[in-house]
Amino acid sequence: MTITTQATTPIPGQKPGTSGLRKKTRVFMQPGYLENFVQSVFNGVGGIEGRTLVLGGDGRHFNDRAAQIILKMAAAAGAARVIVGQGALLSTPAASHLIRLRKADGGLVLSASHNPGGPDADFGVKYNIANGGPAPEAVTDAIHRASEGLRAYRILDAADADLSRPGEARLGEMIVEVVDPVADYADLMERLFDFDTIRALLAGGFRLRFDAMHAITGPYARALLEDRLGAAPGSIVNATPLPDFGGGHPDPNPVWAADLVGAMTGPEAPDFGAASDGDGDRNMILGRDVYVTPSDSLAVLAANAHLAPGYADGLRGVARSMPTSRAVDVVADALGIPCHATPTGWKFFGNLLDAGQATLCGEESAGTGSDHVREKDGLWAVLLWLNILAVRGQSVAEIMADHWARFGRHYYSRHDYEGVEAEGAARLIDGLRARLATLPGQSFAGLAVTAAEDFAYHDPVDGSVSRAQGVQIGLEGGARVVFRLSGTGTEGATLRVYLELAEADPARLHDDPQTALAPVIAAAEALAGITRHTGRKAPDVIT
Ligand code: G1P
Ligand code: ZN
């Protein structure tokens, strides 16, 4: 077998965003595009000679071809071993676990997460480091720099590796080890949670519905919820992963998982509903007639995690992304533990988790996780919820009502303006930035600004500083609005407007969130001129 050195030229824009490099699938499929990026990863991390990598993805269109190309390039780069999920499949949390379990030097995860899949949709590649987590900015910057100076990539000229069954084989000098994508991850879950108590709950008539959205979690959910915990057959819907996710948008929120929301409504609905996304790291939690916002879910999990064996000793700290609601801050205060606010993106939690400064982390974008891996983890959140429900013997609605009565409620919503013209979106953000110093004291739609900043994060572990991470504006009465541009989109710009209102009045804990937030929504428009800058009268997606 020979190694070909292919001359190439740098491809502009190979800069990893919030979560890896995401582009249109057809862009990734252009000859040399994936190859350039993968070689840039290998070069950017200082070479992979003699190293062990983990490889797998969410099964979207091009996953199988990309895996073969990466294997041949890893072999050409002198990697010692690549551990691959059978069929080139691995959920993101399972990949993170495998990197840690097998003490690999890093891994490549093929996914565009919750973005749709298919030849005309999205693809992505993310590099994770030896702690199992997404590469931090210093590493993604090095990858980007490597891409800018790339002159050649190297690839082994060989037949495709057989990834169809577990086992080991050689590809050139490199070992390709194919593993069951589910088993190790499922074992980890069984160590963290009280499976006996959850099994008893399910045996006692408690009904659940898990919507895998035709994405990667189908086989994981079947193994855990049905096989190991005894949920009734049929509890997992849309359980077969498909390369185009059945034409759907595998994002577990009330808009894209509207089917599940419908199924969870009314007296005949199951007791518990949940969904995960394309690559299995996000989650949505529902009870009968209740939707739990991700921010509230993080707060409830923090307040109750000690009920699960894996967290029986309590939490060392919690962390949330800055735009995530401050519901978890109130819980952390009550528990007497620190609460960190980081920029958006799971990569910022890695240092805190490694240093033992946070045990639980979460983002308003349906991501929750803990120090068991270094990614957010959809099924982990589902199992922790089930563990809490089983121990407390209450419904989801009762748990939420108790939580709000004790800690107050943080009404929360995110308004997304998708695919807007990039210049207008940038003008909106820049306009706010330019006015930050003068905003405090001014009123917008009747609400006075109490604080205004362009969020910068000083990592307490490695001292790095990440600036310009979103414009955060405090408003009177415990309200807040955050404006930032998405770093995961593949078309135009997506403006995210995060809205929050803290409410402690016991008489006002059960209002409709959009109604409760109406004054904050009006203030956001008055502050930023969303319609003027984007030409949009209303958001495309409200979560
Ligand atoms: C979005 C979410 C962010 C999440 C990321 C990857 O990034 O907002 O919380 O970590 O996807 O799942 P964004 O598009 O906002 O940059
Ligand atoms: Zn995801």
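Structure: above.
Model, not experiment: these values are computed from the prediction. (Residues numbered from 1 in each chain as written. Chains lettered and ligands numbered in written order. Predicted model: local features only at pLDDT ≥ 70, side-chain atom pairs only at ≥ 80, totals over all residues. Heavy atoms only, no water.)

(A) Here's a closer look at the site of ligand 1. Taken together, 16 residues are adjacent to ligand 1, and Thr18, Ser365, Ser486, Thr488 and Arg496 come closest. At 3.0 Å from an oxygen atom of ligand 1 is found a side-chain nitrogen or oxygen belonging to arginine 282. Contact distances for ligand 1 include 2.6 Å between an oxygen atom and a side-chain N or O atom of serine 486. Within the complex, the protein chains bury 98% of what would otherwise be the 380 Å² of accessible surface of ligand 1. Taking a 2 Å distance to the grid points as the criterion, the majority of the atoms of ligand 1 fall inside the largest cavity. (Near = heavy atom within 4 Å. Polar contact = N/O pair within 3.5 Å; in protein donor to acceptor, adjacent residues only side chain to side chain. Areas by Shrake-Rupley, 256 points an atom, 1.4 Å probe, with all protein chains shown as cover. 1 Å grid on protein atoms, 1.4 Å probe; cavity = no way out; pocket = protein on both sides within 12 Å on 5 of 7 lines; lining within 4 Å. Sits in = over half its atoms within 2 Å of the grid points.)

(B) Representation of the side chain of glutamate 503 within the structure. Position of glutamate 503 relative to the elements: it lies in strand E26 (residues 493-503). In terms of polar contacts, glutamate 503 uses its side chain to reach the backbone amide nitrogen of aspartate 505, at 3.1 Å. Glutamate 503 has contacts with Gly408, Arg409, Tyr411, Arg508 and Leu509, leaving out every residue within four places of it along the chain. (Helix = DSSP H or I, 4+ residues; strand = E, 2+ residues; numbered from the N terminus. Contact = heavy atoms within 4.5 Å.)

(C) Quick look at the pattern of salt bridges. Tallied over the full model, the rule gives 28 salt bridges. Between arginine 288 and aspartate 271 there is a salt bridge whose closest N-O contact spans 3.0 Å. Of the two residues, arginine 288 sits in the loop between strand E13 (283-287) and strand E14 (290-292) while aspartate 271 sits in the loop between helix H9 (258-263) and strand E12 (272-276), which places them 17 residues apart along the sequence. The salt bridge partner of aspartate 454 is arginine 433, with a shortest N-O separation of 2.7 Å. With aspartate 454 in strand E21 (residues 447-454) and arginine 433 in helix H15 (residues 422-435), this pair connects stretches of sequence that are 21 residues apart. Among the residues examined, aspartate 454 registers a relative accessible area of 24% and is labelled partly exposed. What emerges from the salt-bridge pattern is a single network uniting Arg81, Arg102, Glu168 and Glu177. (Salt bridge = Lys/Arg side-chain N within 4 Å of Asp/Glu carboxyl O. Buried < 20%, exposed > 50% of the residue type's maximum accessible area, 1.4 Å probe, protein only.)

(D) Up close: the coordination of the zinc ion (ligand 2). The coordination sphere of the zinc ion (ligand 2), as far as protein atoms go, consists of Ser113 (OG), Asp277 (OD), Asp279 (OD) and Asp281 (OD), spread over 2.0 to 2.1 Å. Viewed at the metal, the four donor atoms of the zinc ion (ligand 2) are separated by angles of 86 to 158°, and the geometry they form is irregular. Sequence spacing among the residues donating to the zinc ion (ligand 2) works out to S-x163-D-x1-D-x1-D. Of this pair, serine 113 sits in the loop between strand E5 (106-110) and strand E6 (122-129) while aspartate 279 sits in the loop between E12 and E13, placing them 166 residues apart in sequence. Accessibility assignment for this pair places serine 113 and aspartate 279 in one class, buried. (Donors = N, O, S within 2.8 Å, 3.2 Å for Na, K, Ca; no water. Tetrahedral: all angles 85-135°; square planar, octahedral: opposite > 155°, others 65-115°.)

(E) Layout of empty space enclosed by the protein. Overall, the coordinates contain five cavities of 30 Å³ or more when judged by the stated rule. A volume near 300 Å³ is recorded for the largest cavity. Along the wall of the largest cavity there are 29 residues; nearest its centre are Thr18, Ser19, Arg282, Lys376 and Thr488. Residue composition of the lining of the largest cavity, by class: four nonpolar, 12 polar and 13 charged. (Points joined across faces, edges and corners; volume = space filled by probe spheres on them. Nonpolar A, V, L, I, M, F, W, Y, C, P; charged D, E, K, R; others polar.)

(F) Fine view of the nonpolar core. In terms of nonpolar packing, the biggest core is built from 75 residues, with Met189, Phe193, Phe210, Leu225, Phe272, Trp380 and Trp385 touching the most fellow members. In terms of residue count, the dominant contributor to this core is helix H13 (residues 378-392) (11 residues). What tryptophan 380 contacts, discounting residues up to four positions off in sequence, is Tyr185, Met189, Leu192, Phe193, Leu301, Tyr311, Leu360, Thr368, Gly369, Ser370 and His372. Of all hydrophobic cores here, the second largest spans 42 residues; its members include Phe42, Ala66, Ile143 and Ala161. (Core = buried A, V, L, I, M, F, W, Y, C linked by side-chain atoms within 4.5 Å.)

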